[in-house]
Amino acid sequence: MQTLTLQQPWLQLPDCFYRPVRATPLKVPNLIHCNQKVADLLGLSVKEMNQYSFIQFLNGELSSDSTGSIATVYAGHQFGIYTAQLGDGRALLLGEIEGRKGESFEIQIKGGGLTPFSRTLDGRLTLSEGLREYLGSEALAGLGIPTTRSLCLLGSQEGVLRERREPAVILVRMARSHIRFGHFEYFYHRDELSELSNLIDFVIDRLYPELKQEASKMRPLRLLETIFSNTARMIAGWQAVGFVHGVMNTDNMSVFGDTLDLGPFGFMGGFDGAYTANSADDQQRYQYDQQPEIGRWNCLALAGAFLPMLPGKTIPAGLLRHYRLIYQEYYLRTMRAKLGLVTQCKEDAFLIESLLKTLAQGNIDYPYFFRLLGKFCPKLRNIELLALSSDRHRLLDWLRQYEDRLAKEPLGHSERKQLMDWINPCYVLRDHLLEEVLVNAELGDFSAFTTLLNLLQNPFQEIQGKEYFALPSNQQTERGG
Ligand code: AMP
Ligand code: MG
């Protein structure tokens, strides 16, 4: 393990921020998968990661007391209701590593046993939970959406009981930071203002050092603005690809603006504003078309926790508008690019809105439609595209509006297609593909997992022979290689 130097900057903070916790390692762990793309960010080779000492390290067997693993404390609004104490119940922070480009990354293991914050649960992660987060985060990263990353997955012969008995695993994930909105809420609601102020300084120091140039009394407000912007951009990215997080509680919102804690998430197939990924969310609070406003609600909960630190102890009106402005700007920019538009017209927002209604009405697959739209040619009949809709007249109407809009564009057909193919993915993590991976993995076969992972890591590049993975579930005939 000479190759890794770990730091634990949290230990600079008072001990009310965390508890030292030794992992409960998996017995006889094996490396299910090691993600070369993420290892590259750390300058690690697959050979190094396959060393037994490395596996022991990731299994939590080697943590020392000087840079020991910790579980941090946080609170959060869950489905709109405040819970005063949550905390890392099954995640342990092993420490921080310097990446190849000099930036620091936290390494967390998820599933490494009980912590003081585990409440009534078991501190373990099941194989299906681990694979879901692994593929979900790598699919988002492949699409260019900020997210925590998956470094590797350790398997074991141990079982863990959910609805049925499943293999226990450890997911090793990595992010610039795993600090959540709920970390701030915890100290604010306990009226521990000096800890709140400490945490603000800590986040600025670790993640946003450029804010240190601001006058110290303005820093908390600038930090909030930055977090609002990053959150709005992340959620605009989700909306543009049709991703639904499923549990947008404030304890699952990262202050770095990364997608965090991928549990019951989903990538939408047929377009539906009410698409929900979490069967436990019976009020549909976190359905697709609610996500942007829920993001804002969460940002306001964070602003509430910052209140004692803000100038005049008030939330400025400008800050309230800030989130929506950034969201709209970024969403519009991304959707224009998905449509292959390089100029801006006032009616673009209307064109996009009418497209979404057309997709919903015609029960059209969202990612597949955009990929195919790259082939749209005004002079041709575009049969393949029209066949996607159960309401062809409506789609034809919209395509006429689109054709008029394209007439104002400087690009020719092939240039436009090229641009569109770089933003409209060929491969997304569709539910049925994920299900196939989980079924095979439970039988000990991880080949479907690696095939899918490879495609999701380069989702814009169409691979011959992998057509099966690009098709909506209702269009599949026979499985390809
Ligand atoms: P989540 O819904 O996964 O964001 O988790 C909410 C809270 O429950 C957090 O405090 C987690 O640390 C904790 N938690 C979730 N699953 C487990 C588990 N299997 N064992 C212990 N704590 C858990
Ligand atoms: Mg969580």
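Data block above holds the structure.
Residues numbered from 1 in each chain as written. Chains lettered and ligands numbered in written order. Predicted model: local features only at pLDDT ≥ 70, side-chain atom pairs only at ≥ 80, totals over all residues. Heavy atoms only, no water.

1. Thoughts on the coordination of the magnesium ion (ligand 2)
On the protein side, the magnesium ion (ligand 2) has Asn252 (OD1) and Asp261 (OD) as donor atoms, found 2.1 to 2.2 Å from it. Take asparagine 252 and aspartate 261: they sit in the same class, and that class is buried. (Donors = N, O, S within 2.8 Å, 3.2 Å for Na, K, Ca; no water. Buried < 20%, exposed > 50% of the residue type's maximum accessible area, 1.4 Å probe, protein only.)

2. Description of the site of ligand 1
Every one of the 17 residues lining ligand 1 counts as a neighbour, but Gly87, Gly89, Asp122, Gly123 and Asn252 are closest to it. For ligand 1, an oxygen atom lies 2.7 Å from a polar atom in the backbone of glycine 87. Between ligand 1 and the protein, one listed contact pairs an oxygen atom with a side-chain N or O atom of asparagine 252 at 3.1 Å. Considered on its own, ligand 1 offers 480 Å² of accessible surface; in the complex 83% of this is hidden by protein. When grouped by side-chain class, the residues that make up the shell around ligand 1 number three nonpolar, six polar and eight charged. (Near = heavy atom within 4 Å. Polar contact = N/O pair within 3.5 Å; in protein donor to acceptor, adjacent residues only side chain to side chain. Areas by Shrake-Rupley, 256 points an atom, 1.4 Å probe, with all protein chains shown as cover. Nonpolar A, V, L, I, M, F, W, Y, C, P; charged D, E, K, R; others polar.)

3. What about the packing of aromatic side chains?
Throughout the structure, instances matching the rule amount to 22 aromatic pairs. An angle of 70° between the planes, with centres 5.2 Å apart, marks the rings of tyrosine 366 and phenylalanine 370 as edge-to-face. One end of the pair is tyrosine 366 and the other is phenylalanine 370, both in helix H11 (residues 366–373) and four residues apart, which spans about a single turn. Of the two residues, tyrosine 366 and phenylalanine 370, neither departs from the other in class, the shared state being buried. When the ring centre of tryptophan 297 is taken as reference, the NZ or CZ atom of arginine 285 above it lies at 4.8 Å. Positioned above the aromatic ring of phenylalanine 370, the side-chain terminus of lysine 338 is 4.6 Å from the ring centre. (Phe/Tyr/Trp six-rings, centres within 6.5 Å; stacked < 30°, edge-to-face > 60°. Helix = DSSP H or I, 4+ residues; strand = E, 2+ residues; numbered from the N terminus. Lys NZ or Arg CZ within 6 Å of the ring centre and 35° of its normal.)

4. Overview of helix H14 (residues 413–421)
Three or more residues of H14 are buried, namely Arg416, Met420 and Asp421. Projected down its long axis, H14 shows its buried positions confined to an angular sector of 130°, all on one face. For H14, exposure combined with an orientation more than 90 degrees from the buried face picks out Ser414 and Gln418. (Arc of directions from axis to C-beta.)

5. Regarding the side chain of histidine 183
Topologically, histidine 183 is positioned in helix H5 (residues 181–189). Under the relative-accessibility criterion, histidine 183 is labelled buried at 2%. Only 2.9 Å separates the side chain of histidine 183 from the backbone nitrogen of arginine 180, close enough to count as a polar contact. Not counting chain neighbours up to four residues away, the residues in contact with histidine 183 comprise Trp10, Thr72, Val73, Tyr74, His178 and Leu199. (Contact = heavy atoms within 4.5 Å.)

6. Looking at the nonpolar core
Judged by nonpolar contacts, the single largest core of 148 residues is most densely connected at Phe184, Leu339, Phe369, Leu373 and Tyr402. In terms of residue count, helix H7 (residues 219–241) provides more of this core than any other element does, 12 residues in total. Setting aside residues no more than four positions away along its own chain, phenylalanine 369 makes contact with Leu355, Leu359, Ile364, Leu385, Leu388, Leu395 and Trp398. (Core = buried A, V, L, I, M, F, W, Y, C linked by side-chain atoms within 4.5 Å.)

7. Remarks on the pattern of salt bridges
Summed over the entire model, instances satisfying the criterion amount to 29 salt bridges. The residue arginine 162 makes a salt bridge to glutamate 129 at a minimum N-O spacing of 3.2 Å. Pair noted here: arginine 162 is in the loop between strand E10 (159–161) and strand E11 (165–175) and glutamate 129 is in helix H4 (residues 127–142), with a separation of 33 residues, a long-range link. Of the residues examined, arginine 162 reaches a relative accessible area of 30% and is grouped as partly exposed. Residue aspartate 421 is joined to arginine 371 by a salt bridge in which the shortest nitrogen-to-oxygen separation is 3.9 Å. Of this pair, aspartate 421 sits in helix H14 while arginine 371 sits in helix H11, and the two are 50 residues apart along the sequence. In this structure, aspartate 421 and arginine 371 share a single accessibility class: buried. (Salt bridge = Lys/Arg side-chain N within 4 Å of Asp/Glu carboxyl O.)

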